[in-house]
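A closer look at the structure
The lines below spell out each chain.
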Amino acid sequence: MKTNTLGRTGLQISELVFGGGFVGGILLHASDEVRREAIRRALDGGINWIDTAASYGNGQSEEVVGWLLSELPEPRRPQVSTKVAVDSTGGSYLDQIRRSLTASLARLQMTRVPLLQLHNKLGDDENRLPVDELIRPAGVLDAFDALKSDGVIDHAGFTALGDPAACLAVVETGRVDTAQVYYNAINPSAGIDVPAAWYSENYQGLLHCCQARNVGVLGIRVYAAGILATGEQHGREIPVTSNADYDSERRRAEAVMSALADVSGSDSQKALRFVLDQPAVNAAVIGLAELAHLDEALAVPDMPGLGSRSQQHLRELWASDFGQTA
């Protein structure tokens, strides 16, 4: 599988990353035998990175990653990134993040991780973290710098969700090494021009900003919580953007797949190929529920790109905000 340099980190990351989250859920909901087989197939297919978080299953995902990788010889083990969420009313950010990371490392059975990412949504609304809490003295970014000095992390990043202007502001500080960017064929606004009256968060300019500052990009929600992959509800379609209820997203997914009718492959393969066609995305984090989903994903890097005609159909669809404008 192709690898890309993850921004300024210099790390070589496979263009597919094994996601350990709740939505796909194979590390949380499958049997031990299936979990082992999933990791084996991922590694055999060229995946060299697993992305997890302290909040995935309240630490269960990290625990599973820890024991799965402990069974492998060290040269075969992939890189692992994890995440931390902070509380703006919870006191010292350095103390909060250090406690969380210490617990994560214990679950992962590791002494350090190459990448730690902030997991809070950003913005001034309730349940979001204001940008100033990252950039002020003794803020989150200072805490990350301290952990780098301690040698328990090599690089630090953030999940670019919430207020788009806040996400851009964090990248523009030049102090983050990576960004997890929401990018899929339902909401491609981080990398593609969309109407000003776009139905949801408009992350316009975010991927360009990351490229300009050599910030590594992990594409997240590439299947839009599975809605781009299947018409069957699995109960874990948790929206992370506004105006993204299941029925409206399902209609948008159907419109996308109609625009891609001439492209070969399953719906999930088309959705993933769309993300891999974006040069600003260094790696796509894939959520998996079954081994068959992994097999489908592993075939996508060898599939041809979507092609100019299909891309034009998508641009026409987005230009009308999925039929909402003339």
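Quick note: structure is the one above.
Here is what the cut-offs are and how they apply
What you see as residue numbers is a count from 1 along each chain, following the sequence as written. Confidence filtering applies because this is a predicted model: local features only for residues at pLDDT of at least 70, side-chain atom pairs given and counted only at 80 or more, and all residues used for totals across whole chains, interfaces and linings. Hydrogens are left out, water is left out, and the side-chain values use all remaining heavy atoms of the structure. The helix and strand labels rest on DSSP assignments: H or I over at least four residues marks a helix, E over at least two residues marks a strand, and numbering proceeds from the N terminus. The rule is simple: take the accessible area with a 1.4 Å probe, protein chains only, and divide by the maximum for that residue type; under 20% is buried, over 50% is exposed, in between is partly exposed. Paired strands are those between which DSSP finds at least two bridges. By definition here, a salt bridge exists when the distance from a side-chain nitrogen of Lys or Arg to a carboxyl oxygen of Asp or Glu is within 4 Å. Stacked, tilted and edge-to-face pairs are distinguished by plane angle, under 30 degrees for stacked and over 60 for edge-to-face with tilted covering the rest, among Phe, Tyr and Trp rings (Trp via its six-membered ring) whose centres lie within 6.5 Å. Throughout, a residue-residue contact means that at least one pair of heavy atoms, one from each residue, lies within 4.5 Å.

The next subject is unusual backbone geometry. Trans peptide bonds make up most of the peptide bonds, and negative phi angles are found at most residues other than glycine. Phi is positive for alanine 225, which is not a glycine, with a value near 60 degrees. Along the polypeptide, alanine 225 turns up in the loop between strand 9 (216-220) and helix 9 (246-259). Residue alanine 225 is classed as buried on the basis of its relative accessible area of 6%. Unlike most non-glycine residues, aspartate 321 shows phi in positive territory, near 50 degrees. If you trace the backbone, aspartate 321 turns up in the segment after helix 12 (308-319). A residue is classified by how much of its surface remains accessible, and aspartate 321, at 5% relative accessible area, is buried.

Alternating residues of strand 10 (residues 283-286) divide into Ala283 and Val285 and Ala284 and Ile286, and every residue in both groups is buried. When strand 3 (residues 16-19) meets strand 10, the two strands line up parallel, connected through 3 bridges. When the sheet's bridge partners are listed, phenylalanine 18 is paired in strand 10 with isoleucine 286. Note that strand 9 and strand 10 share 2 bridges and pair parallel. In the strand pairing of strand 10, glycine 219 is matched with alanine 284.

Below, the discussion takes up the pattern of salt bridges. Applying the stated criterion to the full structure yields 22 salt bridges. Among the ionic pairs, arginine 35 bridges to aspartate 32, the shortest N-O distance being 2.9 Å. Here aspartate 32 and arginine 35 lie together in helix 2 (residues 32-44), a separation of 3 residues that amounts to about one turn. Classification of aspartate 32 as partly exposed rests on a relative accessible area of 34%.

Before going further, it helps to examine the packing of aromatic side chains. All chains considered together, the criterion is met by 5 aromatic pairs. Considering the side-chain rings of tryptophan 198 and phenylalanine 322, the 5.9 Å spacing of their centres and the 45 degrees angle between planes classify their relative orientation as tilted. Highlighted residues: tryptophan 198 in the loop between strand 8 (178-182) and helix 8 (206-212) and phenylalanine 322 in the segment after helix 12, separated in sequence by 124 residues. The buried category is assigned to phenylalanine 322, whose relative accessible area is 13%.

Within helix 10 (residues 267-276), 9 of the 10 residues are buried, which leaves it mostly tucked inside the rest of the structure. Residues of helix 10 that are buried: Ser268, Gln269, Lys270, Ala271, Leu272, Arg273, Phe274, Val275 and Leu276. Looking at the buried side of helix 10, the elements it contacts are strand 3, helix 9, strand 10, helix 11 (291-299) and helix 12.

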